[in-house]
Amino acid sequence: MDLKVWMYLSYLVISIGLVVWVAGVLSRNGLVFLVEVFDDSKLAKAINSLLVVGFYLLNLGFAMFNLRYGGRITSMAHAMEELSLKIGLMLLVLGILHFFNVFALNRYRRGRLRQQAPRPPVPPAGRLAMAGPYAGGPVGFPPGRPPVPPQHPGAARPGLSPEAAPPAGPPTPPHQPPAQP
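Conventions we followed
- Residues numbered from 1 in each chain as written.
- Predicted model: local features only at pLDDT ≥ 70, side-chain atom pairs only at ≥ 80, totals over all residues.
- Heavy atoms only, no water.
- Core = buried A, V, L, I, M, F, W, Y, C linked by side-chain atoms within 4.5 Å.
- Buried < 20%, exposed > 50% of the residue type's maximum accessible area, 1.4 Å probe, protein only.
- Helix = DSSP H or I, 4+ residues; strand = E, 2+ residues; numbered from the N terminus.
- Contact = heavy atoms within 4.5 Å.
- Expected span 1.5 Å × (residues − 1).
- Phe/Tyr/Trp six-rings, centres within 6.5 Å; stacked < 30°, edge-to-face > 60°.

1. Observations concerning the nonpolar core
Then comes step 1: Core analysis: the largest hydrophobic core is formed by 16 residues, its most contacted members being Met-7, Tyr-11, Phe-55 and Leu-94.
Then comes step 2: Taken together, the elements giving at least two residues each to this core come down to helix H1 (3–38), helix H2 (41–65) and helix H3 (76–116).
Then comes step 3: Among the elements that line this core, the one with the most residues is H1, at six residues.
Then comes step 4: Once you skip the residues sitting within four places of it in the chain, Tyr-11 turns out to touch Phe-62, Ala-63, Asn-66, Leu-67, Leu-83, Lys-86, Ile-87 and Met-90.

2. Focus on H3
Then comes step 1: Between its terminal C-alpha atoms H3 stretches 60 Å, which fits the 60 Å expected from 41 residues at 1.5 Å a residue.
Then comes step 2: Along H3, the positions that sit buried rather than exposed are His-78, Ala-79, Glu-82, Leu-83, Lys-86, Ile-87, Met-90, Leu-94, Leu-105 and Arg-112.
Then comes step 3: Its buried side turned inward, H3 meets H1 and H2.

3. Describing the environment of Leu-12
Then comes step 1: Considering the arrangement of structural elements, one finds Leu-12 in helix H1.
Then comes step 2: Along the backbone, Leu-12 and Leu-67 are 55 residues apart, and their C-alpha atoms lie at a distance of 7.8 Å.

4. As for the side chain of Lys-86
Then comes step 1: Secondary-structure assignment places Lys-86 in helix H3.
Then comes step 2: If near-sequence neighbours (up to four positions away) are discounted, Lys-86 is found in contact with Met-7, Tyr-11, Asn-66, Leu-67, Arg-68 and Tyr-69.

5. Brief notes about the packing of aromatic side chains
Each aromatic ring pair is characterised by the separation of its centres together with the angle its planes make.
Then comes step 1: Taken as a whole, this structure holds two aromatic pairs when the rule is applied.
Then comes step 2: Seen from their ring centres, Phe-38 and Tyr-108 are 5.1 Å apart, and the 40° between their planes marks the pair as tilted. Taken together, the positions of Phe-38 in helix H1 and Tyr-108 in helix H3 put the pair 70 residues apart, joining distant regions of the chain.
Then comes step 3: Ring geometry for Phe-99 against Phe-103: centres 6.2 Å apart, planes inclined by 20°, an arrangement best described as stacked. Linking Phe-99 with Phe-103, this pair stays in helix H3, spanning four residues, or about one helical turn.

Spelled out as structure tokens, the structure:
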């Protein structure tokens, strides 16, 4: 037989063996991932079967498409080089398809988990006042609003009536009447 025929036969045996082996490994180990992605064992098994069939069709079709070599094979070394190029390309395609499947399923899983995440019961009603070195300064305030001057603990606050302002001086205990000046 011609070297080209041996190269074709070797390529077919190796590529079909790789596709069958990778499909089996992905089917067995990917089922756990699919159950977690879809949160339904029956649906995960059905999708796993569909993915395996699609995997076989796509990769075996690529293997057959990649079989043809138009050049002349002159030596066994040349046949090995061509065989390694073909198998290397086949492995790259298998890896890219696997990465794409995992990426797509993970995006679906994240979206499903985001939809199932608990929402806060009530939206926030407002914002808290900013504390720190910029609380009284013009940074962060809308134009035209004057900055609030720093306040002492006993001073009345803007916007509060004098009755609501804290009393000046040290606080008095509740059981003692205030001292007469």
